Amino acid sequence: MAKTKKEENSSGVDLLENPDALAGKAEEFFNSKKNQNLLFGVLGLAILIVGGLTFFRFQQGNKNAEAQREMFQAIYYFEQDSLGRGLNGDGNNYGFLDIINRYSGTKAANLASFYAGASYLKLGQWENAIRSLEDFSSDDYLLQARAYSLIGDAYMELDDFDKAIGAYNDAAGYKPNKEFTPVYLQKLAIALEESGDVTAAAAAYDRILNDFAKSRMEQEALKHSARLKGLAVE
């Protein structure tokens, strides 16, 4: 005999409100050979995924620690302005490029991209500097903003003022702080003036005066803001 709509709805409510009915349905499900195979297959897959992720994180942790140790000498060369050895190694120790290639995906390789970009910038290899610095990513307020600023410096050397302006805007807008943001705003103002937009350049200096009063850039900002505003009305 076919169930009425009311009986079908009542059956559904019973399953939700009657623990015995729910337990019976569960037992019926687990007793099915097909459902058992499905269940164990899902559980097995879940165990493999969790185990795989745990192993991957363990391996990445070990790999990162090893990369950090290997990068120590390259950082020393960078600080001593021995940039070729810092980038390419010395035959016994890895350089930043080796760290990036051999330890891809680690925090150390990410940091090596920053050092490589800064090295290329010092060597005057602007395109290589941009590529390396764009590969770097960090939540650190100092390093990430600094990377954007160095990208802007490279574009300035290439006379690509529009891209320099974009990079300096990124630097100035990334976790603003009174220590470094005024410096990035000054670079932004210089790039804007070089591009011919003296009004926007003056506005960048005004941001230093308004948002970062008493910063070490205050007097420079005051002087150049007045100069640029004078140029704008000529």
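Above: the structure in question.
1. Let's talk about the side chain of Ser-149
Argument step 1. One can find Ser-149 in helix α8 (residues 141-157).
Argument step 2. The contact partners of Ser-149, leaving out residues within four places of it in the chain, are Tyr-168, Ala-171, Tyr-184 and Lys-187.

2. Structural notes on unusual backbone geometry
Argument step 1. The phi dihedral of Asp-159 falls on the positive side, at around 60 degrees, and the residue is not glycine.
Argument step 2. Inspection of the secondary structure puts Asp-159 in the loop between α8 and α9 (161-173).
Argument step 3. Exposure remark for Asp-159: the relative accessible area of 55% places this residue in the exposed category.
Argument step 4. With a phi angle near 70 degrees, Lys-214 is a residue other than glycine that sits in the positive phi range.
Argument step 5. The residue Lys-214 is located in the loop between α11 (198-211) and α12 (218-233) in this model.

3. Considering the side chain of Thr-106
Argument step 1. Position of Thr-106 relative to the elements: it lies in the loop between α5 (96-102) and α6 (107-123).
Argument step 2. Thr-106 gets classed as buried once you look at its relative accessible area, which sits at 5%.
Argument step 3. A distance of 3.1 Å separates a polar atom in the side chain of Thr-106 from the backbone nitrogen of Ala-109.

4. Topic: the pattern of salt bridges
Argument step 1. Applying the stated criterion to the full structure yields five salt bridges.
Argument step 2. Across the pair Lys-122 and Asp-81 runs a salt bridge whose closest N-O atoms are separated by 3.2 Å. Of this pair, Lys-122 sits in helix α6 while Asp-81 sits in the loop between α3 (33-79) and α4 (83-88), and the two are 41 residues apart along the sequence.
Argument step 3. The class for Lys-122 is partly exposed, based on a relative accessible area of 49%.

5. Quick word on α12
Along an α-helix, residues three or four positions apart point the same way, because every turn accommodates 3.6 residues.
Argument step 1. With 16 residues, α12 should reach 22 Å at 1.5 Å per residue; the first-to-last C-alpha distance of 23 Å fits that figure.
Argument step 2. Along α12, the residues that are buried comprise Ala-221, His-224, Ser-225 and Leu-228. Viewed along the axis of α12, the buried residues span an arc of 110 degrees, placing them on a single side of the element. Opposite the packed face of α12, turned more than 90 degrees from it, sit the exposed residues Gln-219, Ala-226 and Val-233.
Argument step 3. Where α12 is buried, its residues touch α10 (181-195) and α11.

Each value, and the rule that gives it
Residues numbered from 1 in each chain as written. Predicted model: local features only at pLDDT ≥ 70, side-chain atom pairs only at ≥ 80, totals over all residues. Heavy atoms only, no water. Helix = DSSP H or I, 4+ residues; strand = E, 2+ residues; numbered from the N terminus. Contact = heavy atoms within 4.5 Å. Buried < 20%, exposed > 50% of the residue type's maximum accessible area, 1.4 Å probe, protein only. Polar contact = N/O pair within 3.5 Å; in protein donor to acceptor, adjacent residues only side chain to side chain. Salt bridge = Lys/Arg side-chain N within 4 Å of Asp/Glu carboxyl O. Expected span 1.5 Å × (residues − 1). Arc of directions from axis to C-beta.

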